[in-house]
Amino acid sequence: MTPREASEKEAGAPPTLGIGMVGYAFMGAAHSQGWRTAGHVFDLPMRPVLAAICGRDADAVRAAADRHGWAAAETDWRRLIARDDVQVVDICTPGDSHAEIAIAALEAGKHVLCEKPLANSVAEAEAMVRAAADARSRGQLAMVGFNYRRVPAISYARKLIAEGRLGTLRHVRVTYLQDWLADPAAPLTWRLKREHAGSGALGDLGAHIVDLAQFLTGERLVGVSALAETFVKERPVLSGASAGLSGTAGTETGPVTVDDAALFTGRLASGALASFEATRMASGRKNALHLEINGERGSLAFDLERLNELSFHDHTEPAPSSGFRRILVTEPEHPYLEAWWPPGHALGYEHTFVHQARDLVEAVAAGTDPVPSFADGLQVQRVLAAVEDSAAKNAVYTPVPQP
Ligand code: SOE
């Protein structure tokens, strides 16, 4: 125990929870913000401490540690997970290293938070679920980072659906559109290589919308029919370091080995029909996630670019005066909002990572199972694999194996 920890303990301050993060690009920055802020906004039973961050490039990781407020920097993730001041390992690396790091961290006695998609394959995700189950019997927790569940309006939408406000569900319609690959000159980053990313728009964006559809409805997808396409098959090879979505490219080109876009329909367990579109080629769309759910008694719609709002239609109201109305999800009674700003003072993308950190800290302190679990991540992985199988056969209906 450090002198500061000892004096905090004496003063009755909550115990600390040491965080170690692997990765420091876009997601690393977003998660850092979450860990840094959660304990200042919410009354947490444990205080997250940004103990150490890890990346392969010593200068870059030191700079990231200074920028994002981490006490120490490591260049080898094995050293990070061996540190005594790290109790939670947060994995923000490309998908090809998720399984190895997560399993090693669980075996080393740490709790784990892993960015989505959980892994690059069903087999890896299954191994991670097995390691998480073993670790659970030793009191450790494992969570996958589907941060959009933590948008207050999404969390509130789930509550309305669970309360039956939409009645029997008929349709789930979700699109997630970006445009950072619309330009054929955009460079060949790791996200465009199957060996690193597993898949393209499907795993990156499709994973989010599959998770949201299942989270909001409380149901699983049981089968899918899919089409996928790689519109730009060769792209300029990177000559410098890549920050994930961009980088400096030379004149040499290399093959894109993942999808640029994936479209699929699916059936939910109750019989409701779902449709999904995930693309990075929708010019003009930056981070446009739209969803609409229609039920017998009403409908809900959400737009990530207006994430403090939810559209709700109550179909039991008399037709002449009924219609979609806007719910501003900024009241203290709404999920996550009790500790933020007064009503109408909006939240944004970064707050989802603060809420994610809060939920994991609370689960660790209470010893309860965090959601989404690694098993939830595996279920999404199974849907993604079924989508790939179906797309390879030009939309042949493909069952999703159920646990
Ligand atoms: C890039 O496409 C990306 O950063 C995703 O990887 C994230 O999960 C999503 O939140 C925003 O877009």
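See the structure above.
First, a word on scope: everything that follows refers to the structure included in this document. (Residues numbered from 1 in each chain as written. Predicted model: local features only at pLDDT ≥ 70, side-chain atom pairs only at ≥ 80, totals over all residues.)

### Section: the sheet that holds strand 11 (residues 261-268)
Part 1 of the reasoning: Read across the sheet, nine strands follow the order 16-15-14-13-7-12-11-8-17 without closing on themselves; strand pairing throughout is mixed. The sheet is open, and its two edges are formed by strand 16 (325-328) and strand 17 (398-399), each paired on a single side.
Part 2 of the reasoning: In the packing of helix 7 (residues 152-162) onto the sheet, the strands contacted are strand 13 (288-295), strand 14 (298-303) and strand 15 (309-314), and the crossing angle to strand 14 comes to about 170°.
Part 3 of the reasoning: Across the sheet, helix 9 (residues 201-217) touches strand 7 (169-177), strand 8 (221-229), strand 11, strand 12 (273-279) and strand 13, and the angle it forms with strand 12 is around 150°. (Pairing = 2+ DSSP bridges. Helix = DSSP H or I, 4+ residues; strand = E, 2+ residues; numbered from the N terminus. Contact = placed C-beta atoms within 7 Å. Axes fitted to C-alpha atoms, helices over the stretch in contact; angles between N-to-C directions.)

### Remarks on unusual backbone geometry
Part 1 of the reasoning: At the junction of Lys116 and Pro117, the peptide bond is cis and its omega measures out at -15° in the coordinates.
Part 2 of the reasoning: Along the chain, the position of Pro117 falls in the loop between strand 5 (111-115) and helix 6 (122-136).
Part 3 of the reasoning: Cis geometry marks the peptide bond from Val371 to Pro372, where omega comes out at -5°.
Part 4 of the reasoning: The backbone of Tyr336 shows a phi angle near 70°, a positive value even though the residue is not glycine.

### Points about the site of the ligand
Part 1 of the reasoning: For the ligand, the full set of nearby residues is Phe26, Gln178, Asp204 and Asn287.
Part 2 of the reasoning: Taken together, the residues that form the shell around the ligand break down as one nonpolar, two polar and one charged. (Near = placed C-beta within 6 Å. Nonpolar A, V, L, I, M, F, W, Y, C, P; charged D, E, K, R; others polar.)

### Focus: the nonpolar core
General note: in soluble globular proteins, nonpolar side chains tend to be found buried as a group.
Part 1 of the reasoning: Membership of the largest hydrophobic core comes to 108 residues, with the highest contact counts inside it found for Ile53, Ala102, Met128, Ile209, Ala262 and Val387.
Part 2 of the reasoning: Residues within four places of Val387 in sequence aside, it is in contact with Leu202, Gly206, Val224, Ala226, Ala262 and Phe264.
Part 3 of the reasoning: Core analysis: the next-biggest nonpolar cluster, separate from the first, contains five residues, Leu188, Leu192, Val256 and Val258 among them. (Core = buried A, V, L, I, M, F, W, Y, C linked by C-beta atoms within 7 Å. Buried ≥ 20, exposed ≤ 12 C-beta atoms within 10 Å, placed from the backbone.)

### Notes on the pairing of strand 11
Part 1 of the reasoning: Most of strand 11 is tucked away, with six of its eight residues classed as buried.
Part 2 of the reasoning: Relative to strand 11, strand 8 runs antiparallel, the two sharing eight bridges. Bridge pairing in strand 11 links Ala228 to Ala262.
Part 3 of the reasoning: Two elements, strand 11 and strand 12, share seven bridges in a ladder whose sense is antiparallel. Looking across to strand 12, one finds that Ala262 is bridged to Ala278.
Part 4 of the reasoning: Connecting strand 11 to the next strand, strand 12, in antiparallel fashion are four residues, including Gly271 with a positive phi near 105°.

### A word on the environment of Ala226
Part 1 of the reasoning: The residue Ala226 is located in strand 8 in this model.
Part 2 of the reasoning: Residue classification places Ala226 among the buried residues on the basis of 28 C-beta atoms within 10 Å.
Part 3 of the reasoning: For the pair Ala226 and Arg173, spaced 53 residues apart in sequence, the C-alpha separation works out to 15 Å.
Part 4 of the reasoning: With residues near it in sequence (within four places) discarded, Ala226 still touches Ala262, Leu263, Phe264, Val387, Ser390, Ala391 and Ala395.

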